[in-house]
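Here is what each chain is made of, one letter per residue.
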There are 2 protein chains.
Amino acid sequence: MRDFRPDHRWLSMNTATVRKQRGEPWPLPQILDACAKRGVRAVSPWRDQVAAAGLAATASQLKAHGIELSGYCRGGLFTYTDETSRQAVRDDNLRALDEACTLNAPCLVLVVGGLPGALAGKAAHKDIALARSQVAEGLAWLLGEARARRMPLAIEPLHPMYAADRACVNTMAQALDLCDALDPARSGALGVAVDAYHVWWDPQLQAQIERAGRERLLAFHVCDWLVPTTDLLEDRGMMGDGVIDLPRLRGWVEAVGFAGYSEVEIFSRANWWQRDGGEVIDTCIERHRRCV
Amino acid sequence: MRDFRPDHRWLSMNTATVRKQRGEPWPLPQILDACAKRGVRAVSPWRDQVAAAGLAATASQLKAHGIELSGYCRGGLFTYTDETSRQAVRDDNLRALDEACTLNAPCLVLVVGGLPGALAGKAAHKDIALARSQVAEGLAWLLGEARARRMPLAIEPLHPMYAADRACVNTMAQALDLCDALDPARSGALGVAVDAYHVWWDPQLQAQIERAGRERLLAFHVCDWLVPTTDLLEDRGMMGDGVIDLPRLRGWVEAVGFAGYSEVEIFSRANWWQRDGGEVIDTCIERHRRCV
């Protein structure tokens, strides 16, 4: 297992971690400057942040700073209610793929979607099996497009508490079943993003990481699970402040050959989003060395 | 599948659903009177409510009303940090068993516990595998005591969002693995409580219900998952107000032979706990006929 104590060369900042500090959006160009200044070698930006800064400008700035991507957030949201929404989803995923290519991302991270309409507060139906079949269908289609662009797709299983509104793929086993069905050759074109926050509780976790193997472990995200957790979405903890045994988990992914970045992704409305962005990045660096 | 529309003979009220209305505890004797008045034939009371009303008095009142139990809430919390806490847990579980016997409960429902200390806000460690092994050990011991009293134990897998602080058994598969290990003969002494709120998201749910079979389906709980859900513990929805396909789920448990009560268990700080208790029971009756 790699020793993270001496430096933070394997730290990646997911830029949502510092997306709005003290109520003000922190623009991506400033986030990238702040990362570069601290020797952070990788980031994972969100599409809305890139759109605000400009795709070409972001690509140039990344190149100038020598910062690479550990992933691009995000595609997916495959579930739909009619042909119009189905087509809109496809078009949007193509744009996401093309952006990921422009930014030279190692993978496009996919949050697959829940019951259509649920995220807006009103689910169109209660048939999660139907939603899951739409995800499989959408993934199969997107995989063809992604292969043509040589852009790997990373399915991110989300915590079961997001099954209704964000992602109906909720376990590593379920994500890997999709990989087995759609890419039985383990070509590397399709895999998973393992986010500690979403999967730490899973009694099958170690076994499923072994099942995934190096070819299918495309990204590794860290933060922490706080006790108590006061919000389902925006109360994630800084590494070390919660109950996830992150070194153990990292040991499991490295044991099967994962050697990429640990990407810090923290949504924290009441705590980390209320601080100075530079302080947050500094804390991520320190905790990455000590707690991951 | 039974037709629930004509009456509510298979409705059970979990008494936590009306435990404190508008800030005031609603005492169990009044809850039981209100249930009896409405022809509710079964309840599942909590230990603290029974303790406040008196065990013998509760038993007498239940008998006088002709109300039976669909379960008794609850034993478990097996995880510990030292011999003193381990013994305290055992003593408390014995008391719970004896109370369940006095009340003629069909089963003692078990919430198995999470990381020790986490419920109080500070976990003693981060080793969920250790917590799970303590649960298996505690269950094995309790099963011996329960067999001697002929009181079935129902393991309730809790939603993964409670893995840290309430229960580290989080899927049907995991609970049934414990049943297989501890009661391979499927004697009926050990089984599961299937609560729709905790398991609705599980892609393996139908398969695991079939695996459980009639001998291991000891209780069936209903409420609903709201979108959005604003609190991890106390924002459960009334049946019909959320996204769980309850009739489908009930169809699955009935297909393997379950023919018991649908127990309504709703923790709802901001909505149902702010209403008149009688109104809540009336609503449960109406929704039970229409949405379960």
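Quantities reported herein were computed from a predicted structural model and do not represent experimental measurements. The residue numbering used here restarts from 1 in each chain and proceeds along that chain's sequence as written. In the order they appear in the text, chains get letters beginning with A and ligands get numbers beginning with 1. Given that the model is predicted, a residue must reach a pLDDT of at least 70 before its local features are reported, and side-chain atom pairs must reach 80 or more before they are shown or counted; all residues, however, enter totals for whole chains, interfaces and linings.

*Asks:* Tell me about the overall build of chain A, and name the residues and values.
*Replies:* When helices and strands are counted, chain A shows 10 helices and 11 strands. Each radius of gyration reported is based on C-alpha atoms, and the globular scaling rule is 2.2 Å times the count of residues to the power 0.38. Whereas a compact globule of 292 residues would reach a radius of gyration of roughly 19 Å, chain A reaches 18 Å, a difference of no more than 12%. With the C-alpha coordinates of chain A rotated into their principal frame, the extents come out at 45 × 40 × 40 Å. Neighbour density around each residue's C-beta defines its exposure: 20 or more other C-beta atoms within 10 Å make it buried, 12 or fewer make it exposed, and counts between make it partly exposed, where C-beta atoms are placed from the backbone. The proportion of buried residues among the 292 residues of chain A is 52%. By the convention adopted here, residues make contact when the C-beta atoms placed from their backbones lie within 7 Å. Put simply, 79% of the contacts in chain A that link residues at least 6 apart link residues at least 24 apart. For the purposes of this entry, the term helix denotes a DSSP run of H or I that reaches at least four residues, the term strand denotes a run of E that reaches at least two, and both are numbered from the N terminus.

*Asks:* Account for the sheet that holds strand β8 (residues 153-155) of chain A, with residues named and values stated.
*Replies:* Residues and elements named next belong to chain A. Within the open sheet, the nine strands sit side by side as β5-β4-β1-β11-β10-β9-β8-β7-β6. Their pairing is parallel. A strand with exactly one partner marks an edge of an open sheet, and here the two such strands are β5 (68-69) and β6 (72-76). At least two bridges found by DSSP between two strands is the condition for calling them paired. For β8 and strand β9 (residues 190-195), the ladder comprises three bridges, and the chain directions are parallel. Paired with Ile155 across the bridge in β9 is Val192. Axis definition: a line fitted to C-alpha atoms, over the contacting stretch in the case of helices. Angles run 0 to 180 degrees between N-to-C directions. Where helix α8 (residues 205-216) meets the sheet, it contacts β9 and β10 (217-222), and its direction lies at approximately 115° from that of β9.

*Asks:* An account of the interface of chain B and chain A is requested, with residue identities and associated values reported.
*Replies:* Accessible area lost during the coming together of the parts is what is often quoted as the interface size. Facing 25 residues of chain B, the contacting portion of chain A comprises 25 residues. A breakdown of the residues in the side of chain B that touches chain A according to their chemical character gives 15 nonpolar, five polar and five charged. Residues are grouped as follows: Ala, Val, Leu, Ile, Met, Phe, Trp, Tyr, Cys and Pro are nonpolar; Asp, Glu, Lys and Arg are charged; all remaining types, including Gly, are polar.

*Asks:* I'd like a rundown of the nonpolar core, residues and numbers included.
*Replies:* Residues A:Leu108, A:Ala154, A:Val192, B:Leu108, B:Ala154 and B:Val192 are the most contacted members of the largest nonpolar core, which totals 192 residues. With residues near it in sequence (within four places) discarded, A:Val192 still touches A:Ala154, A:Ile155, A:Pro157, A:Met172, A:Ala175, A:Leu176, A:Cys179, A:Ala212, A:Arg216, A:Leu217 and A:Leu218. One nonpolar core equals one set of buried Ala, Val, Leu, Ile, Met, Phe, Trp, Tyr and Cys residues connected by C-beta atoms within 7 Å.

*Asks:* Report on unusual backbone geometry, specifying residues and quantitative values.
*Replies:* For the peptide bond that leads from A:Val227 to A:Pro228, omega is -10°, which places it in the cis range. In this structure, B:Asn104 is a non-glycine residue whose phi angle is positive, near 60°. Assignment of secondary structure puts B:Asn104 in the loop between α4 (83-102) and β7 (108-111). A positive phi angle is found at B:Arg186, which is not glycine, with a value near 55°. Exposure remark for B:Arg186: the 15 C-beta atoms within 10 Å place this residue in the partly exposed category.

*Asks:* Give a detailed account of the relation of the copies chain B and chain A, specifying residues and quantitative values.
*Replies:* At an RMSD of 0.0 Å, chain B and chain A line up after a rotation of 180° and a shift of 0.0 Å along the axis. A rotation of that kind, with that shift, is consistent with a two-fold axis. Both copies contact each other with a shared surface, as 100% of the interface residues of chain B are interface residues in chain A too. Our superposition of the copies is a least-squares fit, built on the C-alpha atoms of residues whose pLDDT is at least 70 in both.

*Asks:* Please provide a residue-by-residue account of helix α6 (residues 172-182) of chain A, values included.
*Replies:* If you check which residues of α6(A) are buried, you get A:Met172, A:Gln174, A:Ala175, A:Leu176, A:Leu178 and A:Cys179. Summarising the contacts, the buried residues of α6(A) are in contact with α5 (128-149), β8, β9, α7 (196-199) and α8 of chain A.

*Asks:* Which residues make up the environment of B:Cys223, and what are the values?
*Replies:* All names here are of chain B. Within the secondary structure, Cys223 sits in the loop between β10 (217-222) and α9 (246-255). Linking Cys223 and Ser262, residues 39 residues apart in sequence, is a C-alpha distance of 9.7 Å. When neighbours within four sequence positions are excluded, Cys223 is seen to be in contact with Ala196, Tyr197, Arg236, Gly237, Met239, Val264, Glu265 and Ile266.

*Asks:* Help me get a handle on the confidence of the model for chain A, residues and values and all.
*Replies:* Every residue gets a pLDDT, meaning the predictor's confidence in that residue, from 0 to 100. When pLDDT is averaged across chain A, the result is 98; 100% of the residues are at 70 or more. Overall fold confidence (pTM) sits at 0.98, and the ipTM for the predicted complex is 0.97.

*Asks:* Describe the pairing of strand β9 (residues 190-195) of chain B, naming the residues involved and giving the relevant values.
*Replies:* All names here are of chain B. Where burial is concerned, most of β9 is hidden: six out of the six residues are buried. Sheet topology note: the β9/β10 ladder contains four bridges and is parallel. Directly across from Val192, in β10, lies its bridge partner Leu217.

*Asks:* Before we move on, could you go through the pairing of strand β7 (residues 108-111) of chain A and cite the residues and values that matter?
*Replies:* Residues and elements named next belong to chain A. Of the two faces of β7, both are covered, the one formed by Leu108 and Leu110 as well as the one formed by Val109 and Val111. Judged from the four bridges that link them, β6 and β7 form a sheet pairing that is parallel. Bridge pairing links Gly76 to Val111 in β7. Strand direction decides the pairing type here: β7 and β8, joined by three bridges, are parallel. Across the sheet, Leu110 pairs through a bridge with Ile155, a residue of β8.

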